[in-house]
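Chain residues, written in single-letter form:
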Amino acid sequence: MRKKYALVGTGSRARMFYGAILGPHHNHAELVALCDTNQVRMDYTNKVLTEEFNSTAVPTYKAGAFDQMIKDSQADVVIVTSVDRTHHRYIIAALEAGCDVITEKPMTTDAEKCQEIIDAVKRTGREVRVTFNYRYAPHNSAVRELIASGAIGQVFSVHFEWLLDIKHGADYFRRWHRDKRNSGGLMVHKSTHHFDLVNFWLGTQPDTVFAMGDLRFYGRANAEERGVFTPYTRTTGVEAAKNDPFAIDLTSNDVQKSLYWDAEQEDGYQRDQNVFGDGISIEDTMSVMVRYRSKAVMTYALHAYAPWEGFNVSFNGSKGRIELMVRETSYINAGQSADQEGAAEGIRLYHFPLHGEAREVPIQRAEGSHGGGDNIMLRDIFAEEQDANSPYRADYRDGAMSILTGIAANRSFQTGLPVDVKTIVQF
Ligand SMILES: NC(=O)c1ccc[n+]([C@@H]2O[C@H](COP(=O)([O-])OP(=O)(O)OC[C@H]3O[C@@H](n4cnc5c(N)ncnc54)[C@H](O)[C@@H]3O)[C@@H](O)[C@H]2O)c1
């Protein structure tokens, strides 16, 4: 029998999931319904289902009819790909209705919502899986295996720098993410991936977090200080924005036009806001120190205006050091083929034993988005036979642990003080 999946949030990321259901997994998976606040986006999704995937249109439900959708569709699993601040509502309603949940990261955006999800999982006994695609990228799996094999002994410290460039990084400042209430800021929205990787690599959990963050590059005040003045709120069809290298034109790409330009009459959401305009409440320059329960310490930095995209991470242990450098292709969501979103280009993984020859560790190359992680993850989450003990499988605890570092960092930005992670939520 095919498992029934209903999906909430029919924007850019949804396609990866329904594409997997209708494509390689159609023998044991079925898409049964769509839910969103925006009917135009749901109708566009049904058009894609019929015209591109040769499938049939599925019933659509406005957000207020989510419970009705579950009843009508008899869904087994709800896939949550809506705006971050709404995840908890759908996760909890789905669990209460007897469904399991697959949710996009971040699991949610703040401590209260995180606690509500934890309580709902305990109350219902149902499952929440968080789709941490980066775990599955072969270079990231290789680091976990190296550390688990004891190659560098006990890990004492981690130095991790992630760079978002002026194409992909800037995109967070055009979209709903620019309002911290929607996304929790990049510390939650973006760094949830990175903090999850560290938990996954080291097999530990965060204990104490101290952080500083600010908005230094994007936003009107910063631009004005550098002598730049861009007097428009959005960029599509705006003559004055024509030569702005940060401007995008939503009508120049069929997918962006259908998903956002044609749909904005309904909800007023503009996906092409001026990155040097008003109303940005997230940071673009962030530095974090974390102490883990294993007593390892991490220095972490995230910048959203770099000339290239990717990351460097190094681990120092009692028997040596590991260094990983990854350069990713930059992208704008829904701006090109989803397979090109964040594909890994230059990958270098080195193992330096304390006594002995350094060596470059060969990495199996995986094609596709997010360092090749998306495709491998999809095979795992939609597989007919599930391995409940797989280390790659991220549940609500992993979802929570990865955002708690970011939530603590946000608190530390405000107070200037270190935050004890144990005090944020109760498991
Ligand atoms: N794992 C990854 O690498 C990755 C990559 C991209 C996006 N994502 C995640 O996927 C999710 C969606 O991102 P996206 O890029 O598709 O954004 P998007 O803006 O393209 O789509 C968001 C959708 O949510 C809908 N929505 C807004 N409010 C809603 C509500 N109250 N109820 C129901 N639907 C509502 C919008 O109408 C829109 O269709 C986010 O949580 C994001 O973090 C993850």
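Presented here is a report on the structure given in the accompanying data block.

Cut-offs used in this document
Residues numbered from 1 in each chain as written. Predicted model: local features only at pLDDT ≥ 70, side-chain atom pairs only at ≥ 80, totals over all residues. Heavy atoms only, no water. Axes fitted to C-alpha atoms, helices over the stretch in contact; angles between N-to-C directions. Helix = DSSP H or I, 4+ residues; strand = E, 2+ residues; numbered from the N terminus. Parallel < 35°, antiparallel > 145°, perpendicular 65-115°, else oblique. Left-handed = near helix turned anticlockwise from the far one by under 90°. Contact = heavy atoms within 4.5 Å. Core = buried A, V, L, I, M, F, W, Y, C linked by side-chain atoms within 4.5 Å. Buried < 20%, exposed > 50% of the residue type's maximum accessible area, 1.4 Å probe, protein only. Pairing = 2+ DSSP bridges. Phe/Tyr/Trp six-rings, centres within 6.5 Å; stacked < 30°, edge-to-face > 60°. Salt bridge = Lys/Arg side-chain N within 4 Å of Asp/Glu carboxyl O. Near = heavy atom within 4 Å. Polar contact = N/O pair within 3.5 Å; in protein donor to acceptor, adjacent residues only side chain to side chain. Areas by Shrake-Rupley, 256 points an atom, 1.4 Å probe, with all protein chains shown as cover. 1 Å grid on protein atoms, 1.4 Å probe; cavity = no way out; pocket = protein on both sides within 12 Å on 5 of 7 lines; lining within 4 Å. Sits in = over half its atoms within 2 Å of the grid points.

Now for the packing of helix H1 (residues 14-22) against helix H14 (residues 373-381). Relative orientation of the contacting elements H1 and H14 amounts to 55°, with a least axis distance of 11 Å. With respect to H14, the axis of H1 lies oblique. For the pair H1 and H14, the sense of crossing is right-handed. Judged by residue contacts, Met16, Phe17 and Ala20 of H1 engage Asp374, Met377, Leu378 and Ile381 from H14.

All right, on to the nonpolar core then. In this structure, Phe66, Phe160, Trp201 and Phe315 are the most contacted members of the largest nonpolar core, which totals 97 residues. Sort the elements by how many residues they give to this core and helix H15 (residues 396-415) lands first, with 9 residues. Here tryptophan 201 is in contact with Asn140, Val143, Arg144, Ile147, Phe160, Phe311, Val313 and Phe315, once residues within four sequence places are set aside. Of all hydrophobic cores here, the second largest spans 33 residues; its members include Tyr44, Leu49, Leu259 and Ile381.

What follows is about the pairing of strand E8 (residues 206-214). Note that E8 and strand E9 (residues 285-292) share 8 bridges and pair antiparallel. Looking across to E9, one finds that threonine 208 is bridged to arginine 291. Here 2 bridges tie E8 to strand E15 (residues 419-420), and the two strands are oriented antiparallel to one another. Bridged to valine 209 within E15 is valine 419.

Tallying each qualifying case throughout the model produces 23 aromatic pairs. Aromatic pair phenylalanine 160 and tryptophan 201: ring centres 5.7 Å apart, planes at 50°, arrangement tilted. Of this pair, phenylalanine 160 sits in strand E7 (residues 155-165) while tryptophan 201 is found in helix H10 (residues 191-202), placing the two residues 41 residues apart along the sequence. When sorted by exposure, phenylalanine 160 lands in the same class as tryptophan 201, which is buried.

If you walk through the whole model with that rule in mind, you get 29 salt bridges. Arginine 175 is the salt-bridge partner of aspartate 171, the closest N and O atoms lying 3.4 Å from each other. Its relative accessible area of 0% is what places aspartate 171 among the buried residues. The salt bridge partner of arginine 271 is aspartate 171, with a shortest N-O separation of 2.7 Å. With a gap of 100 residues between them, arginine 271 in the loop between helix H13 (264-267) and E9 and aspartate 171 in helix H7 (residues 168-171) connect regions that are remote in the sequence. Here arginine 271 matches aspartate 171 in class, with each residue buried. One network of salt bridges, in which partners are shared, links Asp171, Arg174, Arg175 and Arg271.

In this section: the site of the ligand. Around the ligand sit 28 residues, and of these Asp36, Arg41, Asp84, Tyr90 and Tyr260 come closest. Aspartate 36 has a polar side-chain atom sitting 2.5 Å from an oxygen atom of the ligand. In this structure, histidine 370 approaches the ligand through a side-chain N or O atom, which is 3.0 Å from an oxygen atom. Protein chains bury 94% of the 850 Å² of accessible surface belonging to the ligand in isolation. Its atoms largely coinciding with the cavity grid, the ligand occupies the largest pocket.

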